[in-house]
Amino acid sequence: MKLSHFQFNLPKELLAEYPAENRDESRLMVIDRKKQTIEHKMFKDVIDYFDDGDVLILNNTKVFPARLYGNKEKTGARIEVFLLRELNAEQRLWDVLVDPARKIRIGNKLYFGDDDSLVAEVIDNTTSRGRTLRFLYDGSYEEFRNKLTELGETPIPKYISRDVTPEDAERYQTIYAKEEGAVAAPTAGLHFSKHLLKRLEIKGVKFAEVTLHVGLGTFNPVEVEDLSKHKMDSEELKITQEACDIVNAAKAAKKRICTVGTTSMRAVESSVSSQNTLNPYDGWTNKFVFPPHDFSIPTCMITNFHTPKSTLLMMVSAFCGHDLMKRAYEEAIKEEYKFYSYGDAMLII
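None of the values given here were measured: they were computed from a predicted structure. (Residues numbered from 1 in each chain as written. Predicted model: local features only at pLDDT ≥ 70, side-chain atom pairs only at ≥ 80, totals over all residues. Heavy atoms only, no water.)

1. Description of the environment of Glu-150
Okay, step 1: On the secondary structure map, Glu-150 appears in helix α1 (residues 141-151).
Okay, step 2: Owing to a relative accessible area of 57%, Glu-150 belongs among the exposed residues under this scheme.
Okay, step 3: For Glu-150 and Phe-6, which are 144 residues apart along the polypeptide, the C-alpha to C-alpha distance reads 40 Å. (Helix = DSSP H or I, 4+ residues; strand = E, 2+ residues; numbered from the N terminus. Buried < 20%, exposed > 50% of the residue type's maximum accessible area, 1.4 Å probe, protein only.)

This is the structure:
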């Protein structure tokens, strides 16, 4: 498979600027790989496809308010600082992206907040837009983290052209988010409401939670024609023994195992044992799933509609089968499904 196989024309108006009014009332396209059929449903109908003992694998990462705006010393120029990851808690070192980057050099200071109570010094260049910052704040570590949360805003993706609203803090977060560390939401999970999860639980469906802290690499389009040459950014991953036990018991019982989102899928595919069972994991993964790929654990997946040339689209192609996926995407565009982070969903069985 080549990069050009993943190019398609996506009308701008199909990029979702806002989420559906209710989480579980977005649209759901159901793709049956065996029957080669495509059906149109509502997301809450997902319950009809799961029974007692089936498992949903959820990514419980929590998005933190990663986008800050500061002012450069002397010039006062407004600079966006996007927090990627903490490098050292004690020294308050962070890996960040800055925009506009050309103005930000080693030794520059940036001031945040109306009272300039938070200051950051640029101590290294990492990539064209990447910098290492050391934050200077007069207070304990906990107070410093609270200050970041207070000054930061929800990091909704750049394709959304509107300003962030207070609702985004709630809606750009799954209702089962627990472990803080993501700078982008695992968006397939955004469709689950408390009520829908409760109904699935009553039906006997089990939940296995994994933690993959989604980084911005998720959004990087692939730029090499030969997919095997693409390098994924590493993301932090944790899979507990408890999650493995739930998944492996379901696998042994031949139950349906569904990864909710490409991030859950990547988590699982990063830690498959030689017996094709799920192993615990605690570390980093840069697993890139693209066709052809042999999936040994999940039997179905829930995912949103992805943009052209994205690694997410390549994973869906590998799982769904490329021709069926292309047909599904053509139909999604024709039926005006909403794409991307706040868009509609697809269930592949």
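Here the narrative resumes, following the displayed structure.
2. Considerations on the layout of surface pockets
Okay, step 1: Of the voids in this model, the largest pocket is the one considered here, and its volume is about 920 Å³.
Okay, step 2: Around the largest pocket sit 36 residues that line it, and Leu-84, Val-183, Gly-215, Leu-216 and Gly-217 are the ones nearest its centre.
Okay, step 3: When residues of the lining of the largest pocket are traced back to their parent elements, those giving at least two are β6 (78-88), β7 (93-99), β11 (179-182) and β13 (235-239).
Okay, step 4: Looking at which domains feed residues into the lining of the largest pocket, each of domain 1 (1-61 + 167-346) and domain 2 (65-151) gives three or more. (1 Å grid on protein atoms, 1.4 Å probe; cavity = no way out; pocket = protein on both sides within 12 Å on 5 of 7 lines; lining within 4 Å. Points joined across faces, edges and corners; volume = space filled by probe spheres on them. Domains from an automatic or database assignment.)

3. Describing the packing of helix α6 (residues 311-320) against helix α7 (residues 322-334)
Okay, step 1: One can describe the packing of α6 onto α7 by two numbers: an axis separation of 7 Å at closest approach and a directional angle of 120°. Accordingly, the angle class assigned to the pair α6 and α7 is oblique. At the point where α6 passes α7, the crossing takes the right-handed sense. Judged by residue contacts, Leu-313, Val-316, Ser-317 and Cys-320 of α6 engage His-322, Leu-324, Met-325 and Tyr-329 from α7.
Okay, step 2: Classifying every residue of the contact of α6 with α7 by side-chain character gives six nonpolar, two polar and no charged. (Axes fitted to C-alpha atoms, helices over the stretch in contact; angles between N-to-C directions. Parallel < 35°, antiparallel > 145°, perpendicular 65-115°, else oblique. Left-handed = near helix turned anticlockwise from the far one by under 90°. Contact = heavy atoms within 4.5 Å. Nonpolar A, V, L, I, M, F, W, Y, C, P; charged D, E, K, R; others polar.)

4. Examining empty space enclosed by the protein
Okay, step 1: For the structure on display, the rule yields three cavities of 30 Å³ or more.
Okay, step 2: Its volume calculated, the largest cavity comes out at about 180 Å³.
Okay, step 3: Considering the residues around the largest cavity, the lining is formed by 16 residues, among which Ala-185, Thr-187, Thr-218, Thr-262 and Leu-312 are closest to the centre.
Okay, step 4: A breakdown of the residues in the lining of the largest cavity according to their chemical character gives seven nonpolar, nine polar and no charged.
Okay, step 5: Of the volumes computed, that of the second largest cavity is approximately 50 Å³.
Okay, step 6: Ranked by residues supplied to the lining of the second largest cavity, first place goes to α1 with three residues.
Okay, step 7: Looking at the lining of the second largest cavity residue by residue, the class counts come to five nonpolar, one polar and two charged.

Interpretation note: all reported values are geometric properties and have no functional meaning in isolation.
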